[in-house]
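Each chain, written out:
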Amino acid sequence: MSKILIKNLKEIITMNDNRERLKDSSLLIKDNKIVKIAKNIEEKNVDKVIDGSKYYLFPGLINTHHHFYQTLTRNLPDAQQAELFEWLKYLYPIWANLSPEAVYYSTLLASAELLKTGCTTASDQFYVFPKNQPDNLLDYQFDAAEDIGIRLHACRGSMSLSEKDGGLPPDNVVQTDKEIIDDSLRLIEKYHDSSPFAMKRIVLAPCSPFSVTEDLMIESIKLAREYGVQCHTHLAETKDEEKYVQDRFGMRPLAYMEKLGWIGEDVWYAHGVHLNSKEIKKLAETKTGVAHCPVSNMKLSSGAAEVPEMISLGVPVGLAVDGSASNDSSNMILEMKAAFLMHRLIHGMNSITAEGVLSLATNGGRDILNQPVIGSLEEGKAADMFMISSERLGFAGGLYDPVSAIINTGDSQEVDYTIVNGEIVVENGKLTNVDEKEIISRTNEISKKMIAGS
Ligand SMILES: [Zn+2]
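This section reports on the structure supplied with the text. Note that the structure is a prediction, hence the values are computed from the model and not measured. (Residues numbered from 1 in each chain as written. Predicted model: local features only at pLDDT ≥ 70, side-chain atom pairs only at ≥ 80, totals over all residues. Heavy atoms only, no water.)

With parallel pairing, the 8 strands of this open sheet are ordered in space as β6-β7-β8-β9-β10-β11-β12-β13. The sheet terminates laterally at β6 (61-63) and β13 (317-319), the two strands that pair on one side only. When the angles between neighbouring strand axes are averaged without regard to direction, this sheet yields 25°. Relative to strand β8 (residues 151-158), strand β7 (residues 119-126) runs parallel, the two being bridged by 6 bridges. From the neighbouring strand, phenylalanine 126 faces β8, where its bridge partner is arginine 156. (Pairing = 2+ DSSP bridges. Helix = DSSP H or I, 4+ residues; strand = E, 2+ residues; numbered from the N terminus. Axes fitted to C-alpha atoms, helices over the stretch in contact; angles between N-to-C directions.)

Dropping the structure here:
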């Protein structure tokens, strides 16, 4: 049994139901669980003792939507002035050069950035399966996640509707419905762990209404419900998508999802920007979730989701960085800042607080991913957390509220310690399981190769 004792923390931000903040308290981890939180803890045979007196301790952040592979195509000059559909059409031919090595290293890169900014659980949607590559690309994500030590809910994404059939992606990155369903079943059987504290889960996630067939949406949710796995897709992201669905199916995107059975507490959508009040009420009634991606929505000029209204009606809302080509980073603390500023600007001063944003990134993610043991620091819950030193230049003169401090101040959003499932994966600001320099050089090489080959 491994034991970690963090002593005399400056403050523990629990994010429990009472939003307790505990000063000068200690926390004991045994294996993968928090077993004790108290003023003074005396414990024998501890493997590691950390002096917490200068640190703030937060629950690990939960990222509910990402495309790790896009770290290899971020910040491309020709994609900087494009809205979603044009942006996708420019990038699909480059993504057609994805290889197992590219999937493995991009997962390491995105996870490294996430872990170093306090994120301990990520849901990634991988949906590009090029025709000239092995179809087990998603397996390489699990290999990388295990190597670096992040908790991964991997979405088996898919595209089956190519340009020639009226969809958006080119033919060389789409698969048949049968190939997709067969691989989804293989992945569920190989990886999906439905037990609490699971480090690996599968989600079925056809990409969007404009890149998959109606049949695939129906077959995917049928299979998911048979095996008790969740479903995820992009929805109501842009006005272009709304027009596409209206023209092709004669209804709005949410009505289309409802018609296909894609609504309910086992479903969450990325974005939900263009939803009207009636539709938001429908999400609340059915407990259908939304992954809010403010940086991506601002960068691609997609719009501002009605998050304050969603929260007040009881829609489960989580926070997400979205793919690195539309962000272009994987930094959950900056995402919290973006959410905070976006809603203060669009919806007014009282629309959201710093703690409200932290709640989206912790409790909200927990609810959406159906992992009740993460998202708060409490005895019996998973040992997923991050620590940040109060002795930073950017915090100086402002040590009154650590939650507001990490969102509003700070010279760096990189944290000092990150612990996932009881394992220290970032220590003194450094990743413990992987070589950061190697990740940087390999991903730069792979990225160049992919762009040259397109
Ligand atoms: Zn996305």
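On we go from here.
With that out of the way, let us pick up the packing of helix α4 (residues 177-191) against helix α5 (residues 214-227). At a minimum axis separation of 10 Å, α4 and α5 run at an interaxial angle of 15°. Taken together, α4 and α5 sit at an angle that is classed as roughly parallel. α5 is crossed by α4, and the crossing has right-handed handedness. Two secondary-structure elements touch here, α4 through Asp177, Ile180, Ile181, Ser184, Leu185, Ile188 and Glu189 and α5 through Asp215, Leu216, Glu219, Ser220, Leu223 and Tyr227. (Parallel < 35°, antiparallel > 145°, perpendicular 65-115°, else oblique. Left-handed = near helix turned anticlockwise from the far one by under 90°. Contact = heavy atoms within 4.5 Å.)

Another aspect to go through is the coordination of the zinc ion. Within the protein, the zinc ion binds to His65 (NE2), His67 (NE2), His234 (NE2) and Asp322 (OD); these donor distances fall in the range 2.1 to 2.4 Å. Taken together, the 4 donor atoms coordinating the zinc ion and their angles of 86 to 169° define a geometry best described as irregular. (Donors = N, O, S within 2.8 Å, 3.2 Å for Na, K, Ca; no water. Tetrahedral: all angles 85-135°; square planar, octahedral: opposite > 155°, others 65-115°.)

Look at helix α3 (residues 137-148) against α4: their axes get within 11 Å of each other, and the N-to-C directions meet at 25°. When the axes of α3 and α4 are compared, the pair comes out roughly parallel. Along this stretch, α3 crosses α4, giving a crossing that reads as right-handed. Between α3 and α4, the contacting residues are Leu138, Asp139 and Phe142 on the first element and Arg186, Leu187, Lys190 and Tyr191 on the second. Per-class residue counts for the contact of α3 with α4 are 4 nonpolar, no polar and 3 charged. (Nonpolar A, V, L, I, M, F, W, Y, C, P; charged D, E, K, R; others polar.)

When charged atoms on two side chains of opposite charge get close, those side chains can pair. Scanning all chains against the criterion turns up 35 salt bridges. A salt bridge links arginine 252 to glutamate 242, with the shortest nitrogen-to-oxygen separation between them at 3.4 Å. Here the residue arginine 252 occupies a position in the loop between α6 (239-249) and α7 (253-259), and glutamate 242 occupies one in helix α6, the gap between them amounting to 10 residues. For glutamate 242, a relative accessible area of 15% translates into the label buried. Salt bridges here are not isolated pairs; linked through shared partners, they connect Glu11, Arg19, Arg21, Glu355 and Asp401. (Salt bridge = Lys/Arg side-chain N within 4 Å of Asp/Glu carboxyl O. Buried < 20%, exposed > 50% of the residue type's maximum accessible area, 1.4 Å probe, protein only.)

So, on to the side chain of histidine 274. If you trace the backbone, histidine 274 turns up in the loop between β11 (267-271) and α8 (277-286). Ignoring anything within four residues of it in the chain, the contact list for histidine 274 reads Ala236, Glu237, Thr238, Lys239, Glu242, Arg252, Glu279 and Ser302.

A separate point is the pairing of strand β1 (residues 3-13). With 8 of 11 residues buried, β1 lies mostly within the body of the structure. Across 8 bridges, β1 lies against strand β2 (residues 21-30) in antiparallel orientation. Residue pairing across strands places lysine 3 opposite lysine 30, the latter belonging to β2. Relative to strand β4 (residues 48-51), β1 is paired through 4 bridges, and the arrangement is parallel. Bridge assignment links isoleucine 4 to a residue of β4, and that residue is lysine 48. Here 2 bridges tie β1 to strand β5 (residues 55-59), and the two strands are oriented parallel to one another. Note that in β5 the partner of glutamate 11 across the bridge is tyrosine 56.

Next up on the list: the nonpolar core. Formed by 123 residues in total, the largest nonpolar core has its most connected members in Trp87, Trp95 and Met336. Here this core gets 10 residues from one element, more than from any other, and that element is helix α2 (residues 100-116). Those residues in contact with tryptophan 87 that sit more than four places away from it in its chain are Gln70, Ala79, Ala82, Trp95, Leu300, Ala325 and Ser326. Core analysis: the next-biggest nonpolar cluster, separate from the first, contains 18 residues, Ile29, Ile34, Ile50 and Ala383 among them. (Core = buried A, V, L, I, M, F, W, Y, C linked by side-chain atoms within 4.5 Å.)

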